[in-house]
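An overview of the molecular structure
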Amino acid sequence: PISVFWFRRDLRLDDNAALSLALSSGRPVLPIFIFDPHILNSLARDDARVTFIHATLTAIRTQLETQYGSSLAFYHGKPLDVFQRIFHAYQVTAIYANHDYEPYARTRDEALRKWLQSQSVDFHTCKDLVIFEKNEISKTDGRPYTLYTPYQQKWKAVHCHTKLANYSAEIKGLVQQTALPYLTLADIGFHRSSLAVPPYRLDPTLLRHYEQDRNFPAMAGTSRLGPHLRFGTVSIRKIFQQAQAYSDTFCNELIWREFFSQILWHFPHTEHNSFKSKFDLIQWRNNETEFRRWCEGTTGYPLVDAGMRELNATGYMHNRVRMITASFLCKHLLIDWRWGEAYFASKLLDYDMASNVGNWQWVAGCGTDAAPYFRIFNPIAQTQKFDKNFDYIRTWVSEWNTGTYPAPMVDHKLARERCLKTFLPV
Ligand code: FAD
């Protein structure tokens, strides 16, 4: 009999909660990954995230083969069908995986749990993606926090008294078999992207300067941890411990991530609908031509265009500029935040449903603890504050300041008044 360890959003061997638990089961552990068509089908065939996942898994497989006499099995199909195939080949006693809080993953895991029960196979799941999950940080009456500041205060208070679990999984006890199934990108219907996920940076110098540098898009002042946290190529516990000594501001950003994670967990309807439901009544203009100009970065507002072009070219956009471009879409153009959310989801290497939906709703004013609707970023004033020498703009909008650059597609003052009139009645 064996245990199966199912990699999902935790693509690493070190400090991995469910892997550690599986290894302590006393049975040989078979590591697997499942390429799920339900997730893959909606993606472009050269999606950079699929390339990254595939390359990371291949590296883990090589490490398991060369150092541990084991391997990693790749499968393609509906998870339930894949497990049926695995059960034909092995006598499986238990499956181990780390929690995933997105609505699709929850439904998938629930269905699987029911089926495994009927097969008398245990399904052990662990917290790994976040330091505090679900309702671990809640109000004294047990209800979830919907405001960030009290959530953050409670988070820190609880964290002070909580010793982080020390998962020092020793990787022995894996299935001693190296000829496990492997799939190339082509086998799953994809090809290699020209975009790569850059390495992250988390040294003391970056952390010490984070608070003052992080708002300036022309500076390399942030960690670029996004995709690494999203796919679990790093452990959040280790990252938090590393950051704690140097930057409270940086830790607060990691806590925003946990805040939005628990919001999506408690309020899964926010995947598609506004947290504050009355905002679903807004009469968006939803002009498709204007939406296309926003997507391609030809709005005539250089900072907005620089951001969209950075996103299109690299799969990344600086946080300050994410706020400005998102605000421009919802408030200047009066286009539904869901359109923008979906566009970011298709492009961001660090796309994470909880953080993307949470931040979009924050900008649109319809989310938890959101920016008030009358807070409308002025892209010109933002440029003067955060890119006053136009370094960022020049990098992405080379024709800026020449005759070929378009005039602003909408006047700021007019757009502001139109937005206030639209939001006021709701
Ligand atoms: P750093 O500044 O170095 O921050 C470190 C880490 O803290 C980030 O990697 C991230 O995990 C977390 N973090 C920082 N800011 C936030 C925040 N506001 N909310 C949640 N977590 C945060 N972040 C995503 O991870 N995925 C998304 O899909 C996403 N969509 C966004 C959409 C909009 C409209 C906006 C305004 C922000 C969005 N963010 C998202 C948050 C933030 O912009 C990115 O996390 C950050 O820019 C990533 O770069 P970094 O890793 O260098 O960040």
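Residues numbered from 1 in each chain as written. Predicted model: local features only at pLDDT ≥ 70, side-chain atom pairs only at ≥ 80, totals over all residues.

Observations concerning the overall build of the chain
When its secondary structure is counted, the chain shows 18 helices and five strands. In terms of overall size, the chain behaves like a compact globule, its C-alpha atoms giving a radius of gyration of 23 Å where 426 residues would be expected to give roughly 22 Å. Within the chain, the fraction of its 426 residues that count as buried is 39%. In the chain, the proportion of contacts linking residues at least 24 apart, taken out of those at least 6 apart, comes to 77%. (Helix = DSSP H or I, 4+ residues; strand = E, 2+ residues; numbered from the N terminus. Rg over C-alpha atoms; globule rule 2.2 N^0.38 Å. Buried ≥ 20, exposed ≤ 12 C-beta atoms within 10 Å, placed from the backbone. Contact = placed C-beta atoms within 7 Å.)

A word on the packing of helix H10 (residues 248–266) against helix H15 (residues 353–364)
In a packed pair of helices, the relevant descriptors are the angle between the two axes and the axis-to-axis distance. At a closest axis distance of 8 Å, the pairing of H10 and H15 adopts a crossing angle of 95 degrees. Comparing the axis directions of H10 and H15 gives the class roughly perpendicular. Contacts between H10 and H15 involve Arg257, Phe260, Ser261, Ile263 and Leu264 from the former and Met353, Ala354, Ser355, Val357 and Gly358 from the latter. In terms of residue class, the contact of H10 with H15 is built from six nonpolar, three polar and one charged. (Axes fitted to C-alpha atoms, helices over the stretch in contact; angles between N-to-C directions. Parallel < 35°, antiparallel > 145°, perpendicular 65-115°, else oblique. Nonpolar A, V, L, I, M, F, W, Y, C, P; charged D, E, K, R; others polar.)

Here we look at the nonpolar core
Taken as a class, soluble globular proteins show a tendency for nonpolar side chains to be buried jointly. Counting residues in each nonpolar core, the largest one holds 61 residues, and the members touching the most others are Leu264, Leu303, Ala306, Leu329, Cys330 and Ala354. Top element by residues in this core is H10. It accounts for eight residues. Not counting the four nearest positions on each side in its chain, Cys330 is found in contact with Ile335, Trp337, Gly340, Val363 and Ala364. With 39 residues, the next largest nonpolar core counts Phe7, Leu57, Tyr96 and Phe190 among its residues. (Core = buried A, V, L, I, M, F, W, Y, C linked by C-beta atoms within 7 Å.)

Notes on the site of the ligand
Neighbouring the ligand are 26 residues, the closest being Thr222, Ser223, Asn319, Asn356 and Asn359. Here the shell around the ligand is built from residues that sort into 12 nonpolar, seven polar and seven charged. When residues of the shell around the ligand are assigned to domains, at least three fall in each of domain 2 (130–165 + 200–266) and domain 3 (271–423). (Near = placed C-beta within 6 Å. Domains from an automatic or database assignment.)

Digging into the sheet that holds strand S1 (residues 2–7)
Strand order in this open sheet of five strands is S3-S2-S1-S4-S5, and the pairing throughout is parallel. Where the open sheet ends on each side, the last strands, each with one partner, are strand S3 (73–76) and strand S5 (122–126). With strand direction ignored, the average angle separating the axes of adjacent strands in the sheet is 30 degrees. When S1 meets strand S2 (residues 29–35), the two strands line up parallel, connected through five bridges. Paired with Ser3 across the strands is Val29, a residue of S2. (Pairing = 2+ DSSP bridges.)

So, H10
The periodicity of an α-helix, 3.6 residues per turn, causes residues three or four places apart in sequence to face the same way. For H10, which comprises 19 residues, the first-to-last C-alpha distance of 27 Å matches the rise-based estimate of 27 Å (1.5 Å per residue) to within 8%. For H10, the set of buried residues is Phe250, Cys251, Leu254, Ile255, Arg257, Glu258, Phe259, Phe260, Ser261, Gln262, Ile263 and Leu264. (Expected span 1.5 Å × (residues − 1).)

Let's talk about unusual backbone geometry
Positioned with a positive phi, Asn286 is a non-glycine residue whose angle comes to about 45 degrees. With respect to the helices and strands, the residue Asn286 is situated in the loop between H10 and helix H11 (288–296). Residue classification places Asn286 among the partly exposed positions, given that 13 C-beta atoms sit within 10 Å. Although it is not a glycine, Phe390 sits at a positive phi angle of roughly 60 degrees. Topologically, Phe390 is positioned in the loop between helix H16 (379–386) and helix H17 (391–396).

Considering the domain arrangement of the chain
Split into domains, the chain comes out as domain 1 (1–129), domain 2 (130–165 + 200–266) and domain 3 (271–423). The C-alpha-based centres of domain 1 and domain 3 are spaced at 37 Å. Between domain 1 and domain 3, the residue contacts involve five residues of the former and five residues of the latter. When grouped by side-chain class, the residues that make up the side of domain 1 that touches domain 3 number three nonpolar, no polar and two charged.

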